[in-house]
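Fold and geometry: a report
In case you want the letters, here they are:
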Amino acid sequence: MNIQAGASLQPQSIHVDRQSGMFEIAWDDMSGQIALTDMRKLCPCALCDDLREQQTQMSGLHMISETEMPSAVLKEVVAVGNYAVQLRWQDGHDTGIFPYSFLKELIGSSSD
Ligand SMILES: [Zn+2]
């Protein structure tokens, strides 16, 4: 397998609009936005993975629901190397690392 340290995956800009609750990201060939609530629900860390699994077992398919979701208020976005961003939420949750490839997929699949 050939994993490229792809410069093309590095976004040109990232902007968080706290008022509308949107995470905006732009690459040279693509751009889009993701709701912060969705990002929290999709948080790829092990903790949230477990949470989603428990909830799936309890009540069939659903993502972390609004009421069960602790916080979708974003405190800080931190770049991780040149491949990902770490999102730090208001409630102290900061283990979610979102690779740029994942974000690109998310935006690509939602703009069909
Ligand atoms: Zn998480």
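You'll find the structure just up there.
Residues numbered from 1 in each chain as written. Predicted model: local features only at pLDDT ≥ 70, side-chain atom pairs only at ≥ 80, totals over all residues.

A word on the overall build of the protein chain. Each helix and strand counted, the protein chain has 3 helices and 6 strands in total. Seen in sequence order, the protein chain has helices and strands lined up from the N terminus as β-β-β-α-α-β-β-β-α. Looking at the protein chain as a whole, 12% of its 112 residues qualify as buried. A separation of at least 24 residues holds for 37% of the contacts in the protein chain among residues at least 6 apart in sequence. (Helix = DSSP H or I, 4+ residues; strand = E, 2+ residues; numbered from the N terminus. Buried ≥ 20, exposed ≤ 12 C-beta atoms within 10 Å, placed from the backbone. Contact = placed C-beta atoms within 7 Å.)

Our next topic: the environment of cysteine 48. Residue placement: cysteine 48 occurs in helix α2 (residues 46–59). Here the alpha-carbon distance between cysteine 48 and glycine 96, two residues 48 residues apart in the chain, equals 8.5 Å.

Our next topic: the sheet that holds strand β2 (residues 22–26). One open sheet accounts for 3 strands, arranged β1-β2-β3; its pairing is antiparallel. Bordering the open sheet on either side are β1 (13–17) and β3 (31–35), each of which pairs with just one other strand. This sheet shows a mean twist of 15° between the axes of neighbouring strands, independent of strand direction. The pairing of β1 with β2 spans 5 bridges and is classified as antiparallel. Bridged to isoleucine 14 within β2 is isoleucine 25. (Pairing = 2+ DSSP bridges. Axes fitted to C-alpha atoms, helices over the stretch in contact; angles between N-to-C directions.)

Let's shift gears to the pairing of strand β4 (residues 74–80). Inspection of the sheet shows β4 paired to strand β5 (residues 84–89) by 6 bridges, in the antiparallel sense. Across the sheet, leucine 74 pairs through a bridge with tryptophan 89, a residue of β5. Connecting β4 to the antiparallel partner β5 that follows it, the hairpin turn spans 3 residues, and glycine 81 within it adopts a positive phi of roughly 50°.

Note: β2 against β3, 5 bridges, orientation antiparallel. Residue pairing across strands places phenylalanine 23 opposite isoleucine 34, the latter belonging to β3. Hairpin connection, β2 to β3: the antiparallel pair is bridged by 4 residues.

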